[in-house]
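An overview of the molecular structure
For reference, the chains in residue letters:
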Amino acid sequence: MEKKVLVLAEIREGEIRNVSFEAIAAAKKVANGGEVVGLLLGERVSHLTKELIQHGADRVITVEDRNLNVYTTDAYLQAIIQVIDYEKPEGFILGHTAIGKDVSPRIAAKLKTGLISDAVSVEVVGEEVLFTRPIYSGKAFEKKIVQEGIVFATIRPNNIQPLDKEPSRTGHVTSIAVDIKDLRTIVKDIVRKTTSGIDLSEAKVIVSGGRGVKNAEGFKPLQELANVLGGAVGASRGACDADYCDYSMQIGQTGKVVTPDLYIACGISGAIQHVAGMSNSKVIIAINKDPEAPIFSIADYGIVGDLFEVVPMLTEEIKNL
Ligand code: FAD
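As the structure is a prediction and not an experimental result, all values here were calculated from the model. (Residues numbered from 1 in each chain as written. Predicted model: local features only at pLDDT ≥ 70, side-chain atom pairs only at ≥ 80, totals over all residues. Heavy atoms only, no water.)

**Some words on the site of the ligand**
Close to the ligand lie 26 residues; R211, S236, T254, S269 and N288 are nearest. Within the side chain of K214, a nitrogen or oxygen atom sits 2.8 Å from a nitrogen atom of the ligand. One of the side-chain N or O atoms of H274 is found 2.9 Å from an oxygen atom in the ligand. Taken atom by atom, the bulk of the ligand overlaps the second largest pocket. Going through the elements one at a time, α6 (237-241), α7 (272-275) and α8 (307-319) are the ones with two or more residues in the shell around the ligand. Among the residues making up the shell around the ligand, the classes are represented as five nonpolar, 15 polar and six charged. (Near = heavy atom within 4 Å. Polar contact = N/O pair within 3.5 Å; in protein donor to acceptor, adjacent residues only side chain to side chain. 1 Å grid on protein atoms, 1.4 Å probe; cavity = no way out; pocket = protein on both sides within 12 Å on 5 of 7 lines; lining within 4 Å. Sits in = over half its atoms within 2 Å of the grid points. Helix = DSSP H or I, 4+ residues; strand = E, 2+ residues; numbered from the N terminus. Nonpolar A, V, L, I, M, F, W, Y, C, P; charged D, E, K, R; others polar.)

**Digging into the layout of surface pockets**
Roughly 1,200 Å³ of internal volume is contained in the largest pocket. Along its surface, the largest pocket is lined by 40 residues, and E10, R12, R17, A98 and I99 are the ones closest to its centre. Those elements that provide at least two residues to the lining of the largest pocket are β2 (11-12), β4 (36-42) and α4 (98-111). For the lining of the largest pocket, the residue count by class is 17 nonpolar, ten polar and 13 charged. In this model, the second largest pocket occupies a volume close to 290 Å³. Along the walls of the second largest pocket sit 19 residues, with S236, R237, G238, S269 and A271 positioned nearest its centre. Those elements giving two or more residues to the lining of the second largest pocket turn out to be α6 and α7. When residues in the lining of the second largest pocket are grouped by element, the largest group, three residues, is from α6. Grouping the amino acids of the lining of the second largest pocket by side-chain chemistry returns four nonpolar, 13 polar and two charged. (Points joined across faces, edges and corners; volume = space filled by probe spheres on them.)

Below is the structure:
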């Protein structure tokens, strides 16, 4: 059956996040030939509609309101619920991002519906749309279908291939006014803590450091390697706890879950809580001076050696390619 599927397009620093294009690709499958509708929330967003359409949205809804200038749970929840009431979509897909994780359970509660969170793939099998999501910290996967009600899911960044951009694609734009009131929180200021501009959860390459980097200075060679690879720098909790870096860089069970094309773990032992956040990376390289380190059991390539020798050598080699 054809469905109308809504996709929340997230905006960061004036640009649509890649995960939203991935969500459109997932929504196309759920829609089964029906309409995929991008949803843009913000103070001024109409200039972004074209890009959503070029990436596969059939129509875009804009909701322009000064209360939506930056994300707050209250304002987004009110706006999204009003759009859903008005549009009555049969599906709704968001990125499994900080925003998606925060707002989607609240929407599910308001709509009295279920939610498939953190899906890593969406496939059409006969009449069913099958979502796959990791469980037990990534040690197993479960497959889910929605039997009744709205098909509501969040998708993990970097797992679903976005559609190719088609510059000639056209589509309609609808503007909806919402009534946002009784806000309990307002954002006064946003303090950026990440060192590079690349978002860890969307980075294609991550160079990560653990307690083996020894101190904050020890992250420098890792940052240089990340720079030549166009990647971001992450960390284990061991490194964060030791105050070598900020907690915003932590990857793992209680940090960020990442799925880059390439994950380079430097001086990280491979504790299960760290592995939970990176084991689905497409290629894992481990650099550790202990040949018995557990990280080698999940690595595709292992280098036994001192990271302070290996990492600069890798950087030089890659620079010379
Ligand atoms: P270590 O285990 O101390 O390993 C350091 C490694 O560096 C060693 O293998 C050593 O051989 C190697 N090394 C040392 N010097 C060098 C060198 N010069 N060159 C190369 N290698 C070198 N951890 C996370 O990462 N993320 C989480 O989200 C997380 N959540 C947790 C939640 C809970 C509830 C608990 C209990 C723990 C959690 N942890 C998490 C902590 C986790 O259990 C480990 O303690 C932590 O991952 C260890 O960090 P590490 O690998 O950097 O340090």
